[in-house]
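Inside the fold
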Amino acid sequence: MSSSTAKHDVFQAIADPTRRKLLQLLSEQEMPVTAISRHFPISRTAVSKHLRILSEAGLVKEQRVGRETRYRMQPEPLEELRSWLAYYERFWDNKLNALKRLVESEHQAESQPAGPSLVEREAGQSSKKG
């Protein structure tokens, strides 16, 4: 199912924490819904609904094996998400670089020997005058 005809897009599909956990579980191995349900404190029907949303977004594929349906993760649609996030990485990188420069400049200021205090400077100027 292409992303243009999907009922749910990748962003909607991964918005739910349960679906993100489902994807993580299915990234390790193919599983039937009964085995998947054991990993969650929700009903098998609720797990099936989450799997359907992931399937509609193209993130999960179903395969009949005998009497059971097995599910496996399809990571290709996550490329859309990765591409979208990559654009915003530059903002995070800029903020992290600015923080690094700030911390390093503060560290350099702390490690340099301090000059005379204001009181010491004023005392030195008054002794020169007198």
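Residues numbered from 1 in each chain as written. Predicted model: local features only at pLDDT ≥ 70, side-chain atom pairs only at ≥ 80, totals over all residues. Heavy atoms only, no water.

1. Some words on the packing of helix H2 (residues 17-28) against helix H4 (residues 44-56)
Between H2 and H4, whose axes approach to 10 Å, the crossing angle comes to 80 degrees. The angle between the axes of H2 and H4 places the two elements in the roughly perpendicular class. Each of Thr18, Arg19, Leu22, Leu23 and Leu26 in H2 lies in contact with H4, whose residues at this interface are Val47, His50, Leu51, Ile53 and Leu54. In terms of residue class, the contact of H2 with H4 is made up of seven nonpolar, two polar and one charged. (Axes fitted to C-alpha atoms, helices over the stretch in contact; angles between N-to-C directions. Helix = DSSP H or I, 4+ residues; strand = E, 2+ residues; numbered from the N terminus. Parallel < 35°, antiparallel > 145°, perpendicular 65-115°, else oblique. Contact = heavy atoms within 4.5 Å. Nonpolar A, V, L, I, M, F, W, Y, C, P; charged D, E, K, R; others polar.)

2. Describing the sheet that holds strand E3 (residues 68-73)
The sheet built from three strands is open, its strands ordered E1-E3-E2 with antiparallel pairing. At either end of the open sheet lies a strand with only one pairing partner, and these are strand E1 (31-32) and strand E2 (60-65). Pairing of E2 with E3 involves six bridges; the strand directions are antiparallel. Bridging across to E3, arginine 64 finds its partner in threonine 69. (Pairing = 2+ DSSP bridges.)

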